[in-house]
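What the coordinates show
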Amino acid sequence: QDIKLGLAISTLNNPFFVDLKDGAESMAAEMGVEILTVDAQNDAASQLSSVEDLLIKQIDVLIVNPVDGNAVVSAITAAQDAGVPVITVDRAAEGIDVTSHIASDNVAGGEMAGDFIAKQLGEKGKVVELQGIPGTSAARDRGKGFNQAMDKYSGMEVIARQPAGFDRAEGMTVMENILQGNPEIDAVFAHNDNMALGAMEAIAAAGRSDEIMIVGFDAIDDAREAVKEGNMAATVAQKPGLMGEMAVETAVKVANGEEVDEYTPVPLELITE
Amino acid sequence: MAKQKVLEMKNITKTFPGVKALDKVNFSLEKGEVHALLGENGAGKSTLMKVLNGIHKRDEGEIIVKGEPVEFENTKEAQNAGLAIIHQELELIPYLNVAENIFLGREERNGVFINYKKLYQQTEEVLDLLGVNIDPRAQIKDLNIGSQQMVEIAKAVSQDADILVMDEPTSSLTNQEIEILFELIERLKEQEIAIVYISHRLEEVFEICDRVTVLRDGQFVGEVKTSETNEDELIKMMVGRTIEDRFPEMNFAPADEILRVKNLSVPDQIVNASFSLKKGEILGIAGLMGSGRTELAKAIFGVFKEKTGEIFYRGNRLKINSPADAIDNGIYYLSEDRKEEGLILGLSVADNISISVLKTILNANTFIDSAAEKELAEKYIKDLNIKTPSEKQLVKNLSGGNQQKVVISKLLSTRPEVVIFDEPTRGIDVGAKREIYNLMQDLIDEGVAVILISSELPEILNLSNRILVMHEKEIMGELDAAEADQEAIMKLATGRRSQ
Amino acid sequence: MNNISGSIKDKSFLEILNKFKTGIGLLVLVIVLSFMSPYFLTIPNLLNVVRQVSIIAVISFGMTMVILTGGIDLSVGSMLAFSGAVAAGMMVNSGLNVFLAILIGLAAGTALGLFNGLAVAKAKLPAFIVTLAMMTVARGFTLIYTNGRPISGFDETFRFFGAGYLGRIPIPVVIMFILLIVIYILLKKTPFGRYIYAIGGNETATKLSGINTDKIKIAVYALNGFLAAVSGIILTSRLNSAQPMAGEGYELDAIAAVVLGGTSLSGGSGGVIGTIIGALIIAVLNNGLNLLNVSSFYQLVAKGAVILLAVFLDRKSQQQ
Amino acid sequence: MNNISGSIKDKSFLEILNKFKTGIGLLVLVIVLSFMSPYFLTIPNLLNVVRQVSIIAVISFGMTMVILTGGIDLSVGSMLAFSGAVAAGMMVNSGLNVFLAILIGLAAGTALGLFNGLAVAKAKLPAFIVTLAMMTVARGFTLIYTNGRPISGFDETFRFFGAGYLGRIPIPVVIMFILLIVIYILLKKTPFGRYIYAIGGNETATKLSGINTDKIKIAVYALNGFLAAVSGIILTSRLNSAQPMAGEGYELDAIAAVVLGGTSLSGGSGGVIGTIIGALIIAVLNNGLNLLNVSSFYQLVAKGAVILLAVFLDRKSQQQ
Ligand SMILES: Nc1ncnc2c1ncn2[C@@H]1O[C@H](COP(=O)(O)OP(=O)(O)OP(=O)(O)O)[C@@H](O)[C@H]1O
Ligand SMILES: Nc1ncnc2c1ncn2[C@@H]1O[C@H](COP(=O)(O)OP(=O)(O)OP(=O)(O)O)[C@@H](O)[C@H]1O
Ligand SMILES: O[C@@H]1[C@H](O)[C@H](O)CO[C@H]1O
Ligand SMILES: [Mg+2]
Ligand SMILES: [Mg+2]
């Protein structure tokens, strides 16, 4: 009778996922279902282990936010073998069918940011790309979308691509160094807001805020604030809280044997003011 | 007239796991006397002194210092009560300099800073008092053991204690340094300081001590005045039987040459050393501290990468690039520094004895034959009379002399053809010394060639058939032991070449 | 009489306790968790835990040997990822046979370990720096080789090593057990193992005893690379995908398992039995906290506190 | 005659080289980068690099002292984050005055360090485990305190510590320099400093000299917590935001700086001058790779390789 959901989050070291978790947990409370949350700290193997631990506790539905789309397949198989239906959020599983997938499209988001920058600069300009942790799907997909966009405009040039670990301090340091080596920069696209905000501090300290527009990803509170104050040009808003809520709603439906959609896109939004 | 007692230890008992180190021991010390504490290796001398200084906690008994019963929780409290100790195993800080080591914990300050000017001045005063020439700014790690020992002595002396314990202070010193120490002891006596003197060299006891307390197996055997006893009696008290002569009458049977060293040089260490060694002989190497004896031995043993010259072994030129090469060819070097270079303190007695021959006691060519290993260890524990509760005891828990016996066992287990002993009897009791001498006789009887490096000239003179003397990294000359005497050796050792 | 038999009983009880003293922290943990969660002490969960521990355990066996010599290896996680990626690449991109691909993966890990060993033993560079550099370099190699993307799409045969069973026992557990026994014997019963302890205890004395200490150290680091590669193969098979970022941070878990297990970081004393207990403490703790549904921020606090408590209990019991 | 003066010149040149031997790796790196990038050897970029190094440098000064005693501290990154978060929270949430908030932040870091010290010195637990546990626990505290979200919105006054200038010199650099000098003097000229070396060199002997080694060790860990907190304040001010995950992985950078700088991990020898050079090597390297726009995967390989090379050069020059 009582419904027990498992939520496996990739990491809580990022406010984005904290929002996702909070959304899921408040929806679960609202609907009166139990939810067990585990955190993989960005390690695919640890995600598999913690899903195994959830299965020991006989959950009814597994909601998983994969650390990695390929590696999560083992965890999903384990759940499905135990008769537990699986819903993926934010990042998709590759090469396996799940009951439902709820996400925004990172490739599309990257492209959205790229198009925005190109439009703002009149399709001509020098851009810096601050990359996420090498090897993560978010870095891969956003980079892919962004560079697809850049390739569309002959006047746009990416003059530096550097990793800054999705981290604010690193975003600042790397941007400081790039500023030293590049007297001419028109825009910065960062794979997430943390790096964008770090870069913003570096640019401000160098007194080049007026020349360089900054676009981030995630729309965390600090970034929205920065956009409002005009320090950042835009951030691509995913709606992590909403994703969490929708995941729980869907999971409860699944547990009750109701039909659900295979894919529910969560709209992306470019926040520019 | 009876002098005032400054220290009384009554019924002291101390047990370590598996070892009763002290069993109801009594000891007393009078003002201004030098009181020898004697006993075989492992008799409990160091332990008694560690109990006194608050390093070990006694199980039972009473300690009365200057009339007051005391209960030292740590060395600091003992220091404050006027006690100082020179440790048998050196306890110095390698990367601090001489001055910092001597006054560690007692530095003169200038506000929050160390008053280095004062520190170096004080250090020079103590070193002058000792009459040694050591740079107060030199780091300990760059000093040889003898100098380190002097620093350890200076450290204790500088505490202005009225009870001073010296646990084998001379075992790493040269004759000159020993003389210096004895002069110092005389002066301390005049200042009414009471000294406990531990040594395995009985002649020293007769030279400087007033009274003697003897321990055996952790028990009090007796207390005598030096003036009312003699060596034989003391030895009997220590070992429970008499030992004929200190040195055996050696029988040499020099046969074929086994080792020849030609123009061996090591940058900054050895200059052009040449000599030859025959089976069945003991070649003594004498020299002052720092003359390069150890380095010569190590050069032969393959320790130094950079070297020139040739080594011929059994008539063929042999390249020795590592100790492993040397040992494979039957050459073994016993280091003068057992703690740093001889032992693996955290492993057991058996593990240490067998380490050089592990590959020869295998089952199925792969696994250590533990029965054989145990047998090997037990053989040497018995042969060399190593005092240990079992072969599994960790070496670090053995007394200093017994540790030395473990290193010797390791060497013997390889059945070497050439043995280089570097200060082999350092810290070894009379009985065991004699055993080691006998063992050297056995070795040469078997046709083994022995090189003996020793700072005890009587040892060199009585045990070798030929003597090389070194001075400043060079071999100054060779003497026939039968004709040599201390004077002849000293002449060469101080750089006056023989004709 | 009563008294005597009493004291004898006491003594043998104490001796038994003594044998297991390294495990006392684990024991307490297991007992507490059994009371706190009904799921904990069930066969499926225990199998679950030992399967989870296997990856870290295998690495930490190698780490034990390295630490026993007085060294350290921070590059295990990266070597794991590289070996897994190479094996996966050989299968998927180069179309090699599963076993051949695995062999090449193992060789890759061993080669990296060998490099560490040479730099430490021959060039006399500090192990911390050498392996820190290797940690970065091997991660770079992995990312370059995989172009930052996971490799997947393996043969079913390959799944066996990470997801297969022998009866009810998961294959990773079987592999871990075999390695545990082999390395235990290696350390306790062979000259090689004895030399490892000797080097950690006093390297100079060991060298002067005629042992080629450089050779032993090189072998130990190479072996450690090999074991990281074994872990990499198991993990890749278990995840059915070679992750370029696999194994990140595992070095700390492995070192923690070794030190929790009573091996001294300065070398010379300890062993793999302690290490497996240390690894189990960490794994049981992770499992238990998940079962108890402790929320993730509090898990961090709880995890740290319990590890501290476990090592405290162990050291106290050893001081008895 | 010619010959003699030649050899004298050689000697004095060698002696000069010798004085700077720990820096030779850094020197070579700087020279190479000057040739490779025109931007590298410019005043703005050099100021940039020293500002960047300041955070890690301040931590690594504390780490130097800890390592000199023969210990280790893995919790510096977490203590940094906790102190920064506490100071930020005091300002933003509790509305405290900037300086009071900073004091509380510093006290928080010191308290965590003090706990490490007590556990190591009094409970005799291995420093690796104690500080690993603290690394996890303090991170948990930070995440709980911030609820996993950054804290921002500070007074302008607070910005001074991270983003202010004294003339052209950035304030973090000023702070770093003052701390460098103070700790240098502490280590070389005061009994406290000498006892730190003594403990690392031979703890038993130090204790036998009547020194309360426990007290010294506790003070060293507490001081290390304090310095991590200073770093935390600078970083928070510089980022204009307290990040809950700030300082992650800094422990490895700090230890690397210490070891690169020639301090032995087993304690007893080394010092902060070497450490600042080690920290500079790492910072210059990061800066150079960014300036040269080396692509991300290859950066990892280059970074590892250069660090290895730098330490190799240093050790070789020291063997001369
Ligand atoms: N820390 C310890 N743990 C266990 N046993 C010990 C310890 N210290 C000493 N012993 C044992 O106590 C006994 C007495 O040792 P002690 O060091 O006092 O001998 P000693 O008379 O000084 O001998 P030596 O002349 O060789 O220095 C020995 O059997 C020794 O093995
Ligand atoms: N650790 C060291 N660092 C630098 N120099 C050293 C060191 N140890 C020894 N020396 C130097 O090497 C030379 C020879 O050393 P050593 O004193 O061991 O010779 P020895 O003839 O064997 O003397 P002994 O055995 O009586 O001490 C001396 O000049 C000495 O100062
Ligand atoms: O979508 C998330 C967030 O944008 C985060 O910043 C990095 O990981 C991604 O998966
Ligand atoms: Mg003794
Ligand atoms: Mg010598």
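Residues numbered from 1 in each chain as written. Chains lettered and ligands numbered in written order. Predicted model: local features only at pLDDT ≥ 70, side-chain atom pairs only at ≥ 80, totals over all residues. Heavy atoms only, no water.

Our working definition: UniProt positions are given in the numbering used here, feature names are shortened, and annotations may be inferred rather than shown by experiment.
Taking an unreviewed UniProt entry as the reference, chain C is identified by name as Ribose ABC transporter membrane protein belonging to Halanaerobium kushneri. Quoted verbatim from the Subcellular location (unreviewed entry) heading of the UniProt record, the comment on chain C is "Cell membrane".

1. Notes on the nonpolar core
Let me state the cut-off plainly: Among buried residues, those of type Ala, Val, Leu, Ile, Met, Phe, Trp, Tyr and Cys that are joined through side-chain atoms within 4.5 Å constitute a nonpolar core. A 1.4 Å probe rolled over the protein chains alone gives each residue an accessible area, and that area as a share of the maximum for its type sets the label: buried under 20%, exposed over 50%, partly exposed in between. The contact rule is simple, with two residues in contact once any of their heavy atoms fall within 4.5 Å.
A:L130, A:M175, C:F61, C:F128, D:F61 and D:F128 are the most contacted members of the largest nonpolar core, which has 274 residues in total. When neighbours within four sequence positions are excluded, C:F128 is seen to be in contact with C:I72, C:L74, D:L252, D:I255, D:A256, D:V259 and D:L265. Core analysis: the next-biggest nonpolar cluster, separate from the first, contains 71 residues, B:F301, B:I311, B:V407 and B:M440 among them.

2. Points about the interface of chain B and chain D
Filter applied, for reference: By buried area we mean how much accessible surface two parts lose on assembly, using a 1.4 Å probe and totalling the loss over both. What counts as a salt bridge is simple: a side-chain nitrogen of Lys or Arg found within 4 Å of a carboxyl oxygen of Asp or Glu. Pairs of N or O atoms within 3.5 Å make up the polar contacts considered here, provided that, within protein, one atom can donate a hydrogen while the other can accept it, and that residues adjacent in sequence are counted only when both atoms are side-chain atoms. Numbering of helices and strands runs from the N terminus; a helix is a DSSP stretch of H or I covering at least four residues, while a strand is a stretch of E covering at least two. Three categories are distinguished: nonpolar for Ala, Val, Leu, Ile, Met, Phe, Trp, Tyr, Cys and Pro, charged for Asp, Glu, Lys and Arg, and polar for the others, with Gly belonging to the last.
Counting residues at the interface gives 22 residues for chain B and 21 residues for chain D. Note on chain B versus chain D: buried area summed over both sides is about 1700 Å², and carbon and sulfur give 62% of it. For chain B, the biggest contributors to the area lost against chain D are B:E91, B:I93 and B:L104; these three give 25% of the whole. Inspection of the chain B/chain D interface yields 1 salt bridge. The closest approach of N and O atoms between D:R194 and B:E100, which form a salt bridge, is 2.7 Å. Inspection of the region where chain B meets chain D yields 9 residue pairs in polar contact (both at pLDDT 80 or more). At the level of secondary structure, the elements contributing two or more residues to the side of chain B that touches chain D comprise α2 (75-80) and β8 (113-114) of chain B. Top contributing element to the side of chain B that touches chain D by residue count: α2(B), with 3 residues. For the side of chain B that touches chain D, a count of residues per class yields 11 nonpolar, 4 polar and 7 charged.

3. Points about the coordination of the magnesium ion (ligand 4)
Residue and element names in this part refer to chain B. The test is simple: For Na, K and Ca the donor cutoff is 3.2 Å, while for all other metals N, O and S atoms count as donors only within 2.8 Å; water does not appear among the atoms, so some sites may look incomplete.
Summarising the metal site, the magnesium ion (ligand 4) is bound by the protein donors S46 (OG) and Q88 (OE1), whose distances to it range over 2.0 Å. One end of the pair, S46, is in helix α1 (residues 45-52); the other, Q88, is in the loop between β6 (83-86) and α3 (98-102), with 42 residues separating them in the sequence. Each member of the pair S46 and Q88 is classed as buried.

4. Concerning the interface of chain C and chain D
As a measure of interface size, the accessible area lost when the parts come together is often cited. With 39 residues of chain C at the interface, the matching set in chain D holds 39 residues. Sorting the residues of chain C by area buried against chain D places C:F128, C:I129 and C:F297 first, and these three jointly supply 18% of that buried surface. The interface formed by chain C and chain D includes 0 salt bridges. Linking chain C with chain D are 0 residue pairs in polar contact (both at pLDDT 80 or more). Elements that contribute at least two residues to the side of chain C that touches chain D include exactly α6 (127-146), α12 (250-260) and α14 (296-319) of chain C. Examining the composition of the side of chain C that touches chain D, we find that 13 residues originate from one element, α6(C), more than from any other. Across the side of chain C that touches chain D, the residue classes tally to 30 nonpolar, 5 polar and 4 charged.

5. Side note on the coordination of the magnesium ion (ligand 5)
All names here are of chain B. Looking at the magnesium ion (ligand 5), one finds its protein donor set to be T294 (OG1), E336 (OE) and E336 (OE), positioned 1.8 to 2.8 Å from the metal centre. On the criterion of sequence distance, the pair formed by T294 in helix α9 (residues 293-300) and E336 in the loop between β18 (331-334) and α11 (338-342) is long-range, its members being 42 residues apart. Owing to a relative accessible area of 9%, T294 belongs among the buried residues under this scheme.

6. Quick look at the relation of the copies chain C and chain D
Our working definition: Least squares is the method used to superpose the copies, on C-alpha atoms of residues holding a pLDDT of at least 70 in both.
By a simple turn and slide, chain C fits onto chain D: the slide is 0.0 Å along the axis, the RMSD is 0.2 Å, and the turn is 180 degrees. Taken together, the rotation angle and the small translation identify this as a two-fold axis. Relative to the rotation axis, the C-alpha of C:S266 is the closest in chain C, positioned 3.6 Å from it.

7. Brief notes about helix α6 (residues 127-146) of chain D
All names here are of chain D. The test is simple: A helix is expected to span 1.5 Å multiplied by its residue count minus one.
Helix length check: α6, at 20 residues, gives a terminal C-alpha distance of 28 Å against a target of 28 Å (1.5 Å per residue), a fit within 8%. Across the 20 residues that make up α6, a large majority, 16, are buried. At the exit of α6 stands N147, carrying a positive phi of roughly 55 degrees.

8. Describing a negative patch on the surface
All names here are of chain B. Test applied: Residues qualify for a patch when their relative accessible area is over 30% and they have no salt bridge, like charges being joined within 9 Å and the nonpolar side chains of Val, Leu, Ile, Met, Phe, Trp and Tyr within 5 Å. Areas reported here follow the Shrake-Rupley algorithm with a probe of radius 1.4 Å; residue values treat only the protein chains shown as occluding. In this charge count, Lys and Arg are treated as positive and Asp and Glu as negative; neither His nor the chain ends contribute. Charge positions are represented by NZ for Lys, CZ for Arg, CG for Asp and CD for Glu.
Together, E179, E183, E186, E190 and E207 make up a negatively charged patch on the protein surface. Among the elements that line the negative patch, the one with the most residues is helix α6 (residues 175-190), at 4 residues. Here E179 is to be found in helix α6.

9. Comments concerning the site of ligand 1
Residue and element names in this part refer to chain B. Heads up, the rule is: A single heavy atom is enough: if one lies within 4 Å of a molecule or strand, its residue is considered near that molecule or strand.
Around ligand 1 sit 20 residues in total, of which G42, S46, T47, S399 and G401 are the nearest. One nitrogen or oxygen atom from the main chain of A43 is found 3.2 Å from an oxygen atom belonging to ligand 1. H200 is positioned with one of its side-chain polar atoms (N or O) 2.8 Å from an oxygen atom of ligand 1. Computed on the free molecule, ligand 1 has an accessible area of 630 Å², of which 90% lies beneath the protein chains in the complex. Residue assignment for the shell around ligand 1 shows that the elements contributing at least two residues are β2 (19-30), α1 and α14 (400-413).

10. Here's the deal with the UniProt feature "transmembrane region" (unreviewed entry) in chain C
Residues and elements named next belong to chain C. UniProt feature "transmembrane region" (unreviewed entry): in the numbering of this structure it lies at residues 20-41, 53-76, 96-115, 127-145, 165-187, 218-235, 255-285 and 297-313. As a span, residues 127-145 carries 100% helix and 0% strand, and end to end its C-alpha atoms are 26 Å apart. Helix makes up 65% of residues 255-285 and strand 0%, and the two end C-alpha atoms of the span are 16 Å apart.

11. A closer look at the packing of aromatic side chains
Note the following rule: Between rings of Phe, Tyr and Trp, where Trp is taken as its six-membered ring, a pair exists when centres lie within 6.5 Å; planes separated by under 30 degrees are stacked, by over 60 edge-to-face, and by other angles tilted. Two conditions define a charge sitting above a ring: the NZ of Lys or the CZ of Arg must be within 6 Å of the ring centre, and it must be within 35 degrees of the ring normal.
Taken as a whole and assessed by the stated rule, the structure comprises 17 aromatic pairs over all chains. Residues C:F99 and C:F161 carry aromatic rings whose centres are separated by 6.2 Å and whose planes lie at 80 degrees to one another, so their mutual orientation is edge-to-face. Here the residue C:F99 occupies a position in helix α5 (residues 98-121), and C:F161 occupies one in helix α7 (residues 156-163), the gap between them amounting to 62 residues. Connected via pairs of aromatic rings, a cluster forms that spans C:F99, C:F154, C:F158, C:F160 and C:F161. When the ring centre of C:F297 is taken as reference, the NZ or CZ atom of A:K21 above it lies at 5.5 Å. Over the face of the ring belonging to A:F217 we find A:R142, whose NZ or CZ atom lies 4.0 Å from the ring centre.

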